[in-house]
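# Understanding the architecture of this molecule
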Amino acid sequence: MTGLALFDLDDTLIDREAAFSLWLTEFVDEFNLPSDALAIISRIDMNGYASRNLFFQEIKEMFDIDETIEELLARYFAEYPSFFEADAETIRALRRLRALDWKIAVVTNGPPTQMKKLEVANLLDEVDAVCISEVLGVGKPQAGIFEEAARQCGRPLSGWMIGDSASYDIVGGHLVGLRTIWMHHDRSWDSLELSPDAVAASISEAVNIILA
Ligand SMILES: [Mg+2]
């Protein structure tokens, strides 16, 4: 059985929350921010969904930081990706799929620096294609990014989409006819309109489902 498996990146293949909190701890330290800054900045971050421009505008105003938004952004994009890592179990699971002739693509919404996260986490050699929304000009849940991933893998758009976002990964995958696995991270599914085909706590669990 061979096929195509598309994986989201942040909080799916890699632990974005852990990397963000490492970055944030250093940031708060470096700028000597008050102790409640950790919680406040985490809130402004909106799990990474707040645009980085607005994110730093709010931080700059709230904590009266001298650096310009451009300087803060440049520093962020240079430093933040270096905090990412993939665990050994995730890498083993991806290798298991590819050993059975599955093709794997990363389908992620975000800036071109998403590529640096994959590089730092040693994931580039473990996948066949990487599709980044701001590089392609089309993002999840639109069909175009899924179609491009399949094209780059040389496979028809049929198989699985695995991700932690209900509205981007699960809805997006479902709309192009993929089966879906939701990375639940101890949350319960709350959309009545559709459900993922399966839920998983880890990539190795997701791969077990795919291969079952
Ligand atoms: Mg995600």
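Residues numbered from 1 in each chain as written. Predicted model: local features only at pLDDT ≥ 70, side-chain atom pairs only at ≥ 80, totals over all residues. Heavy atoms only, no water.

## A closer look at the overall build of the chain
- Within the chain one finds 10 helices and six strands.
- Whereas a compact globule of 212 residues would reach a radius of gyration of roughly 17 Å, the chain reaches 18 Å, a difference of no more than 12%.
- Dimensions of the chain, computed from C-alpha atoms along their principal axes, come out at roughly 55 × 40 × 30 Å.
- Out of the 212 residues in the chain, the part that is buried amounts to 50%.
- For the chain, restricting intrachain contacts to residue pairs at least 6 apart in sequence, the fraction spanning at least 24 positions comes to 59%. (Helix = DSSP H or I, 4+ residues; strand = E, 2+ residues; numbered from the N terminus. Rg over C-alpha atoms; globule rule 2.2 N^0.38 Å. Buried < 20%, exposed > 50% of the residue type's maximum accessible area, 1.4 Å probe, protein only. Contact = heavy atoms within 4.5 Å.)

## Regarding the coordination of the magnesium ion
- Surrounding the magnesium ion are the protein donor atoms Asp8 (OD), Asp10 (O) and Asp164 (OD), which sit 2.1 to 2.2 Å from the metal.
- Going along the chain, you hit the donors of the magnesium ion in the pattern D-x1-D-x153-D. Of this pair, aspartate 10 sits in the loop between strand 1 (4-7) and helix 1 (16-30) while aspartate 164 sits in the loop between strand 4 (159-163) and helix 9 (166-175), placing them 154 residues apart in sequence. Of the two residues examined, aspartate 10 and aspartate 164, each falls in the buried class. (Donors = N, O, S within 2.8 Å, 3.2 Å for Na, K, Ca; no water.)

## As for the sheet that holds strand 2 (residues 103-108)
- Strand order in the open sheet formed by six strands is 3-2-1-4-5-6, with parallel pairing between adjacent strands. The open sheet has two edge strands with one neighbour each: strand 3 (129-132) and strand 6 (198-200). Recorded for the sheet is a direction-independent mean angle of 20° between the axes of neighbouring strands. (Pairing = 2+ DSSP bridges. Axes fitted to C-alpha atoms, helices over the stretch in contact; angles between N-to-C directions.)

## A word on a nonpolar patch on the surface
- Taken together, Met46, Tyr49 and Tyr168 make up a surface patch of nonpolar side chains, about 320 Å² in accessible area.
- Inspection of the secondary structure assignment puts tyrosine 168 in helix 9.
- Given the relative accessible area of 31%, tyrosine 168 is considered partly exposed. (Patch = residues over 30% accessible without salt bridge, like charges linked within 9 Å, V, L, I, M, F, W, Y side chains within 5 Å. Areas by Shrake-Rupley, 256 points an atom, 1.4 Å probe, with all protein chains shown as cover. Salt bridge = Lys/Arg side-chain N within 4 Å of Asp/Glu carboxyl O.)

## Comments concerning the domain arrangement of the chain
- According to the domain assignment, the chain consists of domain 1 (4-15 + 84-211) and domain 2 (16-83).
- Of note, the centres of domain 1 and domain 2, computed from C-alpha atoms alone, are 26 Å apart.
- Contact residues are listed per partner, giving 14 residues for domain 1 and 11 residues for domain 2.
- On the surface where domain 1 and domain 2 come into contact, there are zero salt bridges.
- Linking domain 1 with domain 2 are nine residue pairs in polar contact (both at pLDDT 80 or more), by the criterion used here.
- Here the residues of the side of domain 1 that touches domain 2 are counted per class, giving five nonpolar, two polar and seven charged. (Domains from an automatic or database assignment. Polar contact = N/O pair within 3.5 Å; in protein donor to acceptor, adjacent residues only side chain to side chain. Nonpolar A, V, L, I, M, F, W, Y, C, P; charged D, E, K, R; others polar.)

## Comments concerning the nonpolar core
- Among the nonpolar cores identified, the biggest contains 54 residues, and Phe7, Trp23, Phe27, Ile41 and Phe56 are the most heavily contacted of them.
- A per-element tally of this core places helix 1 first, with six residues.
- When sequence neighbours within four positions are dropped, the list of residues in contact with isoleucine 41 reads Phe20, Leu24, Phe27, Val28, Leu33, Phe55, Ile59 and Phe63. (Core = buried A, V, L, I, M, F, W, Y, C linked by side-chain atoms within 4.5 Å.)

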